[in-house]
Amino acid sequence: MNTNIHGLELLFCLFILLISMTGCSSETSRQKTETTTESKMIQNENTTATSTMKEMDGEIGNHQQYYISVNRKTNCVTIYRKNKKTGNYTPFKSMICSVGRDDSTPLGTFPLQSERYKWHLLFGNVYGRYTVRITGNILFHSVPYREEDKDTLKWEEYEKLGQSASDGCVRLETEDAKWIFQNCKEGTIVKIFDGSKKDDPLGRPDKRKQIKFTAPKNYHKWYPSS
């Protein structure tokens, strides 16, 4: 009788042990499944982020540091700078400009060309400083000069900054034209669009206060009596 009881107790203990082992095995399996699923989710998130970055690079340029927007309606240029860690472009600086009269500055997205000059002959037999080609005959350049001489700035054209005044190019203050000339590489994307003041995150700056030069002796060469 006692032998039978001990035998039953032993069988019962083995049964309990077997159930415990099965439970542990199931728990371990469930944990492994959750870990694998979580890893896949993280991997998918990383892949999505990488894909988004590649799309952004594809639109803005191959690892370009800057992105340029030109708002035709407000005559404002905004420079966006790329954050190397996040890959996001944030507003960095703004410039007052003059785009073309009668919508002669084309709308669209263009990569900056390699062609650039410290002085370049423009329409109207005038000169632009720090010219950078955007597309076709459309350039970034300074307000026109009458000659290849820094003292021959056309002040009447300078006063038009903030208005549509050019034949299609994007006119800038000389200092701003020089900044683009020196910092924005070939391939930097330029987006030209029609927007409102809300699309100029840094606002449009005022013209810099500059002292006009004293007219030299050959003043009459520049301003015909007619």
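One can find the structure itself at the top, above this paragraph.
Residues numbered from 1 in each chain as written. Predicted model: local features only at pLDDT ≥ 70, side-chain atom pairs only at ≥ 80, totals over all residues. Heavy atoms only, no water.

Caption draft 1: Focus on the environment of Ser98. Mapping Ser98 onto the fold places it in strand 3 (residues 89-98). The class of Ser98 is buried, set by a relative accessible area of 0%. Residues Ser98 and Cys76 lie 22 residues apart in sequence; the distance between their C-alpha atoms is 8.0 Å. With sequence-adjacent residues up to four places away left out, Ser98 is seen in contact with Asn75, Lys160, Leu161, Gly162, Gln163, Ala165, Ser166, Cys169, Val170 and Arg171. (Helix = DSSP H or I, 4+ residues; strand = E, 2+ residues; numbered from the N terminus. Buried < 20%, exposed > 50% of the residue type's maximum accessible area, 1.4 Å probe, protein only. Contact = heavy atoms within 4.5 Å.)

Caption draft 2: Looking closely at the packing of aromatic side chains. Scanning the model with the defined rule gives eight aromatic pairs in all. Seen in terms of ring centroids, Tyr66 and Phe92 are 5.9 Å apart; in terms of plane orientation they differ by 35°. Their pairing is tilted. Highlighted residues: Tyr66 in strand 1 (residues 66-71) and Phe92 in strand 3, separated in sequence by 26 residues. A residue is classified by how much of its surface remains accessible, and Tyr66, at 6% relative accessible area, is buried. For Phe92, a relative accessible area of 31% gives the class partly exposed. (Phe/Tyr/Trp six-rings, centres within 6.5 Å; stacked < 30°, edge-to-face > 60°.)

Caption draft 3: Main features of the side chain of His141. Relative to the assigned elements, His141 resides in strand 7 (residues 138-142). When its relative accessible area of 3% is taken as the criterion, His141 is described as buried.

Limitation: the analysis is restricted to geometry and does not speak to function.
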